[in-house]
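Now for the letters of each chain:
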Amino acid sequence: MSAPFAAKRLGKELQKISNSLPPGIELVSADNFEEWLLDIRVLDDNPLYRNEIYRLRFRFSSTYPIEPPEVVFVKLPDRPIPIHPHIYSNGIICLDLLGHQGWSPVQNVESVCMSLQSMLTGNSKNERPPGDEEFVRGNRLRPRDIEFYYHDNDV
Amino acid sequence: MPPPNTPVDGTTTPQSTQPSQPAQSSQSSQSVSRPTSSIIMDASQVKTALVKMDYQAIDYVNPVDETLICPICRTAFHSPITTPCGHTFCAKCINRALERQRVCPIDRQPIDKTRDYRPIPLIIKEQLDRLEARCPNQGCDYVCARENLEAHYERHCEFTLVHCSKPSCDKLVARHLCSIEGQCMHEMTNCDFCLKPVAFVDLDAHWEQECEAAFATCPDCDASVSVVNNSMLKHIQQECPEAMAKCKWDGAGCRVTDKRRIVREHERNGCMYETVGRLLEQQAEDRRIIQDLTRRLASLEAVRDTRRRERRRDSAATINDRTATATAAGGSLTNPTTSTSTPADSTTWESPHNYMLAQFERLESHMEELREMVCEMDMRQSASFLHHSKQVADRFLELGDKVGVLSMHTKWLLNMQYMQRNAQLRAANAASLAAAAAGAGGAGLSGGSDGLNHGGESSSGAGSSSDSGLRYQGSRRGSEGRIENLTRL
Ligand SMILES: [Zn+2]
Ligand SMILES: [Zn+2]
Ligand SMILES: [Zn+2]
Ligand SMILES: [Zn+2]
Ligand SMILES: [Zn+2]
Ligand SMILES: [Zn+2]
Ligand SMILES: [Zn+2]
C-alpha cells in the first residue's frame, strides 16, 4: 500500500509544480515517481553563483514523504556543482532538512528546492566541506548514510 | 483489504459499517450458497464493494481550500484529527509519520500516544462533508457532496469492484459487468467481430484498442470508425465531413443541404438565415423565461394571499380586542387609526400585479445595494490582503536575515569550541611528553582526568604541593577516600 501512497502524493505535487514554481526553480523532467530532475539558480547577486544553473536530482523511495527523498546536485557540461561548505564536489548535499532527523513529511520537492536556493543565497564562503577530497575519492556510501558520517566527525 | 478469495470475510466486513441493512446481512449470510439467494435477491443492488473507497484518489469539482488539505498527503482531509499543538492531519497520515518519528511534522512538538489526538472542529468537518467530489472509480463521472460519496461507491456505483457473480470464481469485476447472476465475466467468449477468444470483462478494451475487425472504413470519408454500439451511425449522422447534412439554420428556413464539410463552411461564412435563426432561438429562450416567471409569480401570489388572509384574521382579532377594551374603558370614542389600518393594506395596492411589481422593484433595488456592498467589500478585502501579505513578506525577509545571523553565530561558536578542544588536547600532549622527559618528579603535572587520578595517589614528591591543592578543588566529586588521601597530604 505504501508505493501508491508515495505515487499519489507525488502526483499531487507534480500537478502543482507543473502549473507554477517559485522563480529560479524549474522542472526538467518527472517521467515517473522515482526520479525527478529540477534546475535551480540563485536570484540575488551572490558572486559565487551568478549566471549559473544547477541541476538537482530527487530520488523517491516508496515511503516518501514519510522518509526523505535522496537529493543531490548532478554535474553536466553546463551544470556545475555549486561551491558551498555543505556541498561536496560530487554533488552530495549535507543539509539537516534532508537527513532522517531533520526531515518532516510536510516538506515537499518545492520546499526542498527553496531551502537549497536560500542555502546558496546565504553563503559567502568559497569553499568545500572539510575533507572533501578524501571523501569524494573514498566514498562508496549512499547520500542518506553519509550524513551521519559527516555529522559524527565534524563537531 | 480482505483477500478477494474469501467471500465470507469480504461480504461481512461492510456489515459493521451499515448495520441497519437487514437485506444485506441476509445476502452475505447466503453468499456461500449464492445460486439460491439469486432467486430472491436483486444481486446487482446489494453487492458490496470489496476495496474501500480511496479518499486520496477523489477529484474535487472546485479547488479545495488550502486549510482543508492535509500537509502530508496533500489531499482534502480524510477523518482528520488535531494534535495537542493544534495541527491537523488525516489520522492515517499522522499515524504513518509517527511510526518513524514521534513528533509533530510541522513544529516537532513531541506527540506520544494516539490518545493525544483531539477531534477536529465541527465546522471543518462540515466543510469537508460539503465538498463537491467526483467518484474515484474510473469511468464513473458521478458528482455529489463528499459525505454521500462513500454510499454511492459502496452500494450504487457501477464501476466499483465486487465479487464475480459465479461463486467459484474468486476474481473481482466491476459491478455493471456482473448483472447476470451466476455468469462469470472472466470466462472467455468470442469477439463478435474478429471471433478471437476474449474474456467478457475485457471486451470493451479489446474493441477499443486491439480488435481490427471492430473498425470499419467510413464509406464517405475513409476514416477508420468503430462499429461497436452504432458508433458508425453516429459518425455519419453527426461527424463525418463527407456525409450529407443540413444547415444549422434549417429551422429558420435555410435550404442548404450538402456534404457536412461544405455546410460547415457555409455556416462559418454566415448563413443568410443565421440572424433569423438566432432571433428564433432568442424568442424561444424568452418564452421559457416568461413561463418560468409566470409560474413563480403564481406561487408568490398564492403565498401572499395566504399571508394576507392570516394577517386579516390577526388584525380582526386585535380590533375586536381594542374595541372591547375601548368600550370597557367606558368611552364611546371610536379609534380612527385602528379602523383604517386594516383596509389600508388592501387599498394601497390597486391590483395584485401592482403589489407584485412594487415587491419586485423593492427586491431589485435591494439586490443592487447588495451587489454594491459585495463589490466594495471585495475591494477592501483585496486591499487589506495586499497590505498584509506585504507585511508578512517583510517579516519573512527580516526573519531570514536573523536566521542567517544566528547560524553564523552558531557556526562561529562551534568552531571556537572545536579549536579550544584541539588546543587543550595539543597542550595535554605536549605536557605529557615533557613530563615523560622530566621523569617521575613531574608526573603530577600532566593534565586530564587520568593524570589527575594518578597524581592524587602517587605524587608524594615535594615539588608539587600547590599543584595537588588545586587538584583537590577540582575533584570534589571524586571518591571520599581520595579526598582524605589528599587532605593528609
Ligand atoms: Zn493526509
Ligand atoms: Zn504541531
Ligand atoms: Zn461512481
Ligand atoms: Zn469470474
Ligand atoms: Zn475482436
Ligand atoms: Zn465518415
Ligand atoms: Zn444556411
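These figures come from a predicted structure and were not determined experimentally.

## Some thoughts on the interface of chain A and chain B
Many descriptions give the size of an interface as the accessible area lost when the pieces come together.
Step number 1: Taken together, the contact pairs 18 residues of chain A with 20 residues of chain B.
Step number 2: In total, chain A and chain B occlude about 1,800 Å² of area from one another, counting both sides; carbon and sulfur atoms represent 56% of this.
Step number 3: Linking chain A with chain B are two salt bridges.
Step number 4: Of the charged contacts, one joins Lys-8 of chain A and Asp-54 of chain B as a salt bridge, the two residues approaching to 2.5 Å between their closest N and O atoms.
Step number 5: For the pair chain A and chain B, the number of links is nine residue pairs in polar contact (both at pLDDT 80 or more).
Step number 6: If one sorts the elements of the side of chain A that touches chain B by residue count, helix α1 (residues 2-19) of chain A sits on top with five residues.
Step number 7: Its residues assigned to classes, the side of chain A that touches chain B comprises seven nonpolar, five polar and six charged.

## So, the nonpolar core
Step number 1: Formed by 35 residues in total, the largest nonpolar core has its most connected members in Cys-70 and Ile-72 of chain B.
Step number 2: When residues of this core are traced back to their parent elements, those giving at least two are β3 (88-90), α5 (91-100) and α7 (146-156) of chain B.
Step number 3: If you tally residues by element for this core, the top one is α5 of chain B, at five residues.
Step number 4: Grouped together as the second largest cluster of nonpolar side chains are 31 residues, Ile-17, Trp-103, Leu-116 and Met-119 of chain A included.

## Digging into the environment of Trp-36 of chain A
Residue and element names in this part refer to chain A.
Step number 1: Within the element layout of this structure, Trp-36 appears in strand β2 (residues 35-40).
Step number 2: The class for Trp-36 is buried, based on a relative accessible area of 0%.
Step number 3: Note: C-alpha distance between Trp-36 and Arg-59 (23 residues apart in sequence) is 6.7 Å.
Step number 4: Each residue touching Trp-36, except ones within four places of it in the same chain, is listed here: Leu-10, Glu-13, Leu-14, Ile-17, Ser-29, Ala-30, Leu-56, Arg-57, Phe-58, Phe-60 and Val-109.
Step number 5: Looking at Trp-36, its side chain comes within polar contact range of the main-chain oxygen of Asn-32, at 2.7 Å.

## Describing the packing of aromatic side chains
Note on aromatic pairs: each is described by the distance of the centres and the angle between the planes.
Step number 1: Taken as a whole and assessed by the stated rule, the structure comprises eight aromatic pairs over all chains.
Step number 2: Look at Trp-36 of chain A and Phe-60 of chain A: their rings are 5.2 Å apart centre to centre, the planes differ by 75°, and that puts the pair in the edge-to-face class. Here Phe-60 of chain A lies in the loop between β3 (54-59) and β4 (70-74) and Trp-36 of chain A lies in strand β2, a separation of 24 residues in the sequence.
Step number 3: In this structure Phe-60 of chain A comes out as buried when scored by relative accessible area, which is 7%.
Step number 4: Measuring from centroid to centroid gives 6.2 Å for Tyr-54 of chain A and Phe-73 of chain A, while their planes differ by 80°, and the two rings are edge-to-face. Placement of Tyr-54 of chain A in strand β3 and of Phe-73 of chain A in strand β4 is noted, with a sequence separation of 19 residues between them.
Step number 5: Aromatic ring contacts, followed pair by pair, group Trp-36, Phe-58, Phe-60, Tyr-64 and Trp-103 of chain A into a single cluster.
Step number 6: Above the face of the Phe-5 of chain A ring, Arg-96 of chain B is positioned so that its terminal group lies 4.0 Å from the ring centre.

## Let's talk about the sheet that holds β4 of chain A
All names here are of chain A.
Step number 1: Pairing within the open sheet is antiparallel, and its four strands lie in the order β1-β2-β3-β4. Strands with a single pairing partner mark the edges of an open sheet, and in this sheet they are β1 (25-29) and β4. Across the sheet, the mean angle separating the axes of adjacent strands is 30° when strand polarity is ignored.
Step number 2: Direction of pairing for β2 relative to β3: antiparallel, over a ladder of six bridges. Across the sheet, the residue bridging to Asp-39 is Arg-55, located in β3.
Step number 3: In the packing of helix α2 (residues 109-121) onto the sheet, the strands contacted are β1, β2, β3 and β4, and the crossing angle to β2 comes to about 35°.

## Digging into the pattern of salt bridges
Step number 1: Going through the model one piece at a time under the given rule, you end up with 28 salt bridges over all chains.
Step number 2: The shortest N-O distance in the salt bridge between Asp-59 of chain B and Arg-134 of chain B comes to 3.3 Å. Taken together, the residues Asp-59 of chain B in strand β1 (residues 59-60) and Arg-134 of chain B in strand β5 (residues 132-134) connect sequence positions 75 residues apart.
Step number 3: The partly exposed category is assigned to Asp-59 of chain B, whose relative accessible area is 40%.
Step number 4: Arg-264 of chain B serves as the salt-bridge partner of Glu-267 of chain B, at 3.8 Å between the closest nitrogen and oxygen. Of the two residues, Glu-267 of chain B and Arg-264 of chain B both sit in helix α10 (residues 260-268), three residues apart, roughly one turn of that helix.
Step number 5: Through salt bridges with shared partners, a single network forms among Asp-39, Arg-55, Asp-78 and Arg-79 of chain A.

## Concerning the coordination of the zinc ion (ligand 3)
Residue and element names in this part refer to chain B.
Step number 1: Ligation of the zinc ion (ligand 3) by protein atoms is provided by Cys-135 (SG), Cys-140 (SG), His-152 (NE2) and Cys-157 (SG), these donors lying 2.1 to 2.3 Å from the ion.
Step number 2: If you look at the zinc ion (ligand 3), its four donor atoms make angles of 103 to 113° with each other, and the shape they trace is tetrahedral.
Step number 3: Within one chain, the residues donating to the zinc ion (ligand 3) are spaced in sequence as C-x4-C-x11-H-x4-C. Here Cys-140 is found in the loop between β5 and β6 (143-145), whereas its partner His-152 is found in helix α7, with 12 residues between them in sequence.

## Re the pairing of β4 of chain A
Residue and element names in this part refer to chain A.
Step number 1: Counting buried residues along β4, four of its five residues qualify, which places the element largely inside the surrounding structure.
Step number 2: With five bridges connecting them, β3 and β4 associate as antiparallel partners. By the bridge assignment, Phe-58 is partnered in β4 with Val-71.

## Structural notes on a nonpolar patch on the surface
Step number 1: On the surface, Met-272, Tyr-273, Val-276 and Leu-280 of chain B cluster together into a nonpolar patch covering about 380 Å² of accessible area.
Step number 2: In this structure, Tyr-273 of chain B sits in the loop between α10 and α11 (274-329).

## A closer look at the pairing of β1 of chain A
Residue and element names in this part refer to chain A.
Step number 1: One ladder, built from four bridges, connects β1 with β2; its direction is antiparallel. Within β2, the residue paired with Ile-25 across the bridge is Ile-40.
Step number 2: What sits between β1 and β2 in their antiparallel hairpin is a turn of five residues.

## Considerations on the coordination of the zinc ion (ligand 7)
Octahedral metals with six donors have ideal donor angles of 90 or 180 degrees. Tetrahedral metals with four donors have an ideal donor angle of 109.5 degrees.
Step number 1: Coordination of the zinc ion (ligand 7) by the protein comes from Cys-247 of chain B (SG), Cys-254 of chain B (SG), His-266 of chain B (NE2) and Cys-271 of chain B (SG), over a distance range of 2.0 to 2.4 Å.
Step number 2: For the zinc ion (ligand 7), the four donor atoms in the first shell make angles of 104 to 120° at the metal, so the coordination geometry reads as tetrahedral.

## Regarding the sheet that holds strand β4 (residues 118-119) of chain B
All names here are of chain B.
Step number 1: The strand order across the open sheet formed by three strands is β3-β2-β4, and the pairing between neighbours is antiparallel. Both edges of this open sheet fall to β3 and β4, since each of them pairs with a single strand only.
Step number 2: Inspection of the sheet shows strand β2 (residues 80-82) paired to β3 by three bridges, in the antiparallel sense. Residue Pro-80 lies in a different strand from β3, and its bridge partner there is Cys-90.
Step number 3: Lying on the sheet, α5 is in contact with β2 and β3; it crosses β3 at an angle near 95°.

## Structural notes on the confidence of the model for chain A
Step number 1: Averaged over chain A, the pLDDT score is 86; the fraction of residues at 70 or greater is 87%.
Step number 2: Between residues 148-155 of chain A, whose pLDDT stays under 50, and residues either more than four places distant or in other chains, the model counts 12 contacts.

## Focus: the state of the cysteines
Step number 1: Inspection of the entire model under this criterion finds zero disulfides over all chains.
Step number 2: Here Cys-144 of chain B stays free of any disulfide, with the sulfur of Cys-135 of chain B as its closest cysteine sulfur at 8.3 Å.

Cut-offs applied
Residues numbered from 1 in each chain as written. Chains lettered and ligands numbered in written order. Predicted model: local features only at pLDDT ≥ 70, side-chain atom pairs only at ≥ 80, totals over all residues. Heavy atoms only, no water. Contact = heavy atoms within 4.5 Å. Buried area = accessible area lost by both parts, 1.4 Å probe. Salt bridge = Lys/Arg side-chain N within 4 Å of Asp/Glu carboxyl O. Polar contact = N/O pair within 3.5 Å; in protein donor to acceptor, adjacent residues only side chain to side chain. Helix = DSSP H or I, 4+ residues; strand = E, 2+ residues; numbered from the N terminus. Nonpolar A, V, L, I, M, F, W, Y, C, P; charged D, E, K, R; others polar. Core = buried A, V, L, I, M, F, W, Y, C linked by side-chain atoms within 4.5 Å. Buried < 20%, exposed > 50% of the residue type's maximum accessible area, 1.4 Å probe, protein only. Phe/Tyr/Trp six-rings, centres within 6.5 Å; stacked < 30°, edge-to-face > 60°. Lys NZ or Arg CZ within 6 Å of the ring centre and 35° of its normal. Pairing = 2+ DSSP bridges. Axes fitted to C-alpha atoms, helices over the stretch in contact; angles between N-to-C directions. Donors = N, O, S within 2.8 Å, 3.2 Å for Na, K, Ca; no water. Tetrahedral: all angles 85-135°; square planar, octahedral: opposite > 155°, others 65-115°. Patch = residues over 30% accessible without salt bridge, like charges linked within 9 Å, V, L, I, M, F, W, Y side chains within 5 Å. Areas by Shrake-Rupley, 256 points an atom, 1.4 Å probe, with all protein chains shown as cover. pLDDT = per-residue confidence, 0-100. Disulfide = S-S within 2.5 Å.

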